[in-house]
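Observations on the model geometry
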Number of protein chains: 2
Amino acid sequence: MDATKVIEVREGILSANEREASALKASLDSHDTRMLNIMASPGSGKTTTILATIARLRDRLNFAVIEGDIESQVDSNKIKDVGIPTVQINTGGACHLDVPMVKPAVDLLALDDTDCIFVENIGNLVCPAEFDIGEAAKVMILSVPEGDDKILKYPMMFSVCDVLIVNKIDFLSLSTCNFDMQALLERMAQINPNAKIFPLSALTGEGVDEWCEWLLSFIKPLEKGE
Amino acid sequence: MDATKVIEVREGILSANEREASALKASLDSHDTRMLNIMASPGSGKTTTILATIARLRDRLNFAVIEGDIESQVDSNKIKDVGIPTVQINTGGACHLDVPMVKPAVDLLALDDTDCIFVENIGNLVCPAEFDIGEAAKVMILSVPEGDDKILKYPMMFSVCDVLIVNKIDFLSLSTCNFDMQALLERMAQINPNAKIFPLSALTGEGVDEWCEWLLSFIKPLEKGE
């Protein structure tokens, strides 16, 4: 097997996935349902951010969550515990979600009663950035302890995201924390000037309201009192 | 293109890589050079841990570093700054290193003058766990801010590693940090009881000596005063 063949297979997968993603997005649009693709490193706080958002907005939006994991149902159990419809995808090794995995999960949801679907992707800053899943927006979470230089090392994820959440800002108070927010913002302005950026702590709640306000305006549920 | 074909290509890659990894390890052994495969999420402190280790042991071991990154030379520049032979691999998108990438980098090093090669893999808890690169040991770094539950979500990496470094223990002092070290140790005892575990802070230096002692005994440089 030569390298060319591997590349052809890979390109075939990517373009087929893109076509299916457009079809899935169109289907979601027809139900006025917006899907958000939440991507981040392991442990950056994807689930905690989703839970904090749902807690603040569940009276104004109908949520559902699709949880992508290699194995385990740790995260989907946390979502179920708060009474939100949840579908677990276990990829059994695959390091990212794609449409053939996400679509059957979407099909299990009552779309007419769903304004917003959070899809928690596999914790990985590399491959998820390449695969559209039919989302209305890509939301990347970077956590403060990961460092401000991640944008130099994983530029694709930072350049394709519509929203960058900088989570765990409570860690900025630690004397050994050397995260330079200004450096991150300047780099982001260079490679992705249109991205919305929300520094917050999903755990303490600081900054979460600003992110929720944006999300509410993005989802725009006309049927919910506007 | 059907899914079966993709799986066949993938399995072909994995088994070819394993054969090449054995050959590379045998070649390194013949030079008394030990290669360590350093794997972790983005931002868990791989480079900082490598630098802290080199600072403590450079009078007793001859080091070299191979830096794997999607793009950029951020990390290899840090290693070069302290005067250690460094080779940068830019994968241009690939989310893990394999032998065809690592071997040409090894070939650039003066193996007879090298006791220990650190290979800093791509920041990713998924795919690097599947690909041997000719290493004498797999070292996984988990950082405290990522959370103690990562072992449930990325079990393969935790089960294949020979060493688990729990980095950034300085973050344990933060009141909002909810990391449960005991829970991690208990889970690790179940899935990988033989792994050596070193809690440390590469930044403050706490715990680094214990890891360095183990490393020194593992490398055993007979030609260096033993």
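Now for a quick tour of the structure. Quick caveat, the model's predicted, so the values are computed rather than measured.

In screw terms, the move from chain B to chain A is a rotation of 180° and a rise of 0.0 Å along the axis, fitting with an RMSD of 0.0 Å. Such a combination of rotation and displacement between the chain copies is what one expects of a two-fold axis.

All names here are of chain B. Judged by pairing direction, the sheet is parallel, and its 7 strands sit side by side in the order β3-β2-β4-β1-β5-β6-β7 without closing on themselves. Edge positions in the sheet fall to β3 (86–90) and β7 (196–199), since each has one partner strand and no second. Within the sheet, the average angular offset between the axes of one strand and its neighbour, ignoring direction, is 20°. In this sheet, strand β5 (residues 137–143) lies alongside strand β1 (residues 34–40) in parallel orientation, the contact comprising 5 bridges.

With respect to the helices and strands, A:Asp75 occurs in helix α3 (residues 74–81). On the accessibility criterion, A:Asp75 (2% relative accessible area) is buried. Polar contacts involving the side chain of A:Asp75 include one to the side chain of A:Thr47, which spans 3.2 Å. For A:Asp75, the side chain forms a polar contact with the side chain of B:Lys153, separated by 2.4 Å. Residues contacting A:Asp75, with those up to four places away along its chain left out, are A:Thr47, A:Glu67, A:Asp69, A:Glu120 and B:Lys153.

Once that is clear, we can look at the nonpolar core. Core analysis: the largest hydrophobic core is formed by 54 residues, its most contacted members being A:Leu164, A:Leu184, B:Leu164 and B:Leu184. When residues of this core are traced back to their parent elements, those giving at least two are β5 (137–143), α6 (155–160), β6 (163–167) and α7 (181–191) of chain A together with β5, α6 (155–160), β6 (163–167) and α7 (181–191) of chain B. Setting aside residues up to four positions removed in sequence, B:Leu184 forms contacts with B:Leu142, B:Asp148, B:Ile151, B:Phe158, B:Leu164, B:Val166 and B:Phe179.

Cut-offs applied
- Residues numbered from 1 in each chain as written.
- Chains lettered and ligands numbered in written order.
- Predicted model: local features only at pLDDT ≥ 70, side-chain atom pairs only at ≥ 80, totals over all residues.
- Heavy atoms only, no water.
- Least-squares fit on C-alpha atoms with pLDDT ≥ 70 in both.
- Pairing = 2+ DSSP bridges.
- Helix = DSSP H or I, 4+ residues; strand = E, 2+ residues; numbered from the N terminus.
- Axes fitted to C-alpha atoms, helices over the stretch in contact; angles between N-to-C directions.
- Buried < 20%, exposed > 50% of the residue type's maximum accessible area, 1.4 Å probe, protein only.
- Polar contact = N/O pair within 3.5 Å; in protein donor to acceptor, adjacent residues only side chain to side chain.
- Contact = heavy atoms within 4.5 Å.
- Core = buried A, V, L, I, M, F, W, Y, C linked by side-chain atoms within 4.5 Å.

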